[in-house]
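Fold and geometry: a report
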Amino acid sequence: MIKVGIIGLGTVGTSTAQILKENADVISARAGTQIVVKRGVVRDLHKDRGFDFQITDNVDDILNDDEIDIVVELMGGVEGAFEVVKKALKNGKAVVTANKALLAYHRYELQEIAQDIAFEYEASVAGGIPIINALRDGLSANHIKSIMGIMNGTCNYMMTKMTNERVAYDTILKEAQELGYAEADPSFDVGGYDAAHKLLILASIAYGIDAKPEDILIEGIQNISQEDICFAKEFGYVIKLLGIAKKDTDEVELRVHACLIPKEQMIAKIDGVMNGISVVGDKVGETLYYGPGAGGNATASAVVANIIDIARSGKSKPMLGFDRPMEGKTLTLKAASDIESKYYLRINVSDKRGVLAKITKIFEDNNISVETMLQRPATNQSANLLISTHIAYERDIQNMIKEIASLDFVNFTPVMIRIV
Ligand code: HSE
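Residues numbered from 1 in each chain as written. Predicted model: local features only at pLDDT ≥ 70, side-chain atom pairs only at ≥ 80, totals over all residues. Heavy atoms only, no water.

Another aspect to go through is the domain arrangement of the chain. Looking at the assigned domains, one finds that the chain contains domain 1 (2-134 + 296-327), domain 2 (141-290 + 328-333) and domain 3 (336-419). The straight-line distance from the C-alpha centre of domain 1 to that of domain 3 is 48 Å. (Domains from an automatic or database assignment.)

The next subject is the packing of helix α1 (residues 11-22) against helix α12 (residues 296-313). Where α1 contacts α12, the axes come no closer than 8 Å and their chain directions differ by 60°. Between α1 and α12, the angle is such that the two are oblique. The chirality of how α1 crosses α12 is right-handed. Of the residues in α12, those touching α1 at T11, V12, S15, T16, I19 and L20 are G296, N297, T299, A300, S301, V303, V304 and I307. The residue makeup of the contact of α1 with α12, split by class, is seven nonpolar, seven polar and no charged. (Axes fitted to C-alpha atoms, helices over the stretch in contact; angles between N-to-C directions. Helix = DSSP H or I, 4+ residues; strand = E, 2+ residues; numbered from the N terminus. Parallel < 35°, antiparallel > 145°, perpendicular 65-115°, else oblique. Left-handed = near helix turned anticlockwise from the far one by under 90°. Contact = heavy atoms within 4.5 Å. Nonpolar A, V, L, I, M, F, W, Y, C, P; charged D, E, K, R; others polar.)

To continue, consider the sheet that holds strand β5 (residues 94-97). Strand order in this open sheet of six strands is β3-β2-β1-β4-β5-β6, and the pairing throughout is parallel. Since the sheet does not close on itself, it has two edges, and those belong to β3 (54-56) and β6 (119-120), each with one partner. Direction of pairing for β5 relative to β6: parallel, over a ladder of two bridges. Within β6, the position partnered with V96 by the bridge is E120. Contacts from α12 reach β1 (2-7), β2 (35-41), β4 (70-73), β5 and β6 within the one sheet, and its direction differs from that of β5 by about 165°. (Pairing = 2+ DSSP bridges.)

And the structure:
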């Protein structure tokens, strides 16, 4: 029998305990042994949760319990969780976590500390989709060319409702929180950080690259307005928050931001809390992974899969997929300013003679070539210039936006959304 201790009995922790109980028949058959929760850690002992295992508010009751084989860390946070899982590993316990923030900062240290002790984290990326398994095992024969996808269920849920039903941003964020999709601090979701944490984890498995959130381009969906959603729709695009990792010779670009995606692309059709990730390998070609990216049962499904895997073998794979670095092939992180993309810009200007000529001159001065341009009246005196560019450098676009924003006939900083 394998005994499990769960640290954190919120949405995912509760679902983990329930799945282990409700699906015990299939789980024990697959694992070849019975798996039971021995103890759970909660913050508030006074709340009655109706669990049939012991509850404590002291993590050491799990970490120091010799009968517990697997510690499931679902407490969240970074440094506190790091201390807890380090202690679990030091005490010889296998660890399963859904904590992407922890991994975004400490994954290489944890790999070093874990050595042969199993440390698994399938639930940390894309909830119920077994993307880590796919990337680390199923695609291990490939050089990975790119990873691109919807990695935050909350943002996708919000963007879908804002697009299809024109629901207001705050209303729909509250709904995502009530449904248990959002992080404890939802600014992690809408600010793009949660997706970035996930992208960094996938980038380590795909490229062996060690980067921190601070090193990469991260933007969220806070500034996406109904106006831009409608213009995007009119021109045949949908707006979604994407995580993108792309290999270009010996550099890897990593970025998270809202994108305009042509509506016929598969990823554009992934709606609601669903996540969808495309992985392109040099031998396999494109593969696509789709499923619920957040929510108790979906995330716990991945947690329990890791528990079963450990119960079966007790062994650890190379935690981040590489047993050793590739000889003579170190990939480095591309500077954000060197990233190339097409861009959508909405420049709100006073509708006066000569404005267009001045704007297009600034495009030319910044090496940016216009692909399409359209002017739409906004109010009596102002108009929206809707522009899409040919491929340009991020640094040029950023400089140009600053220059345009400083002009007296420009009413506010131009809106910029990258086009996939
Ligand atoms: N807040 C996360 C999301 C949960 O919305 O995707 C799953 O990691």
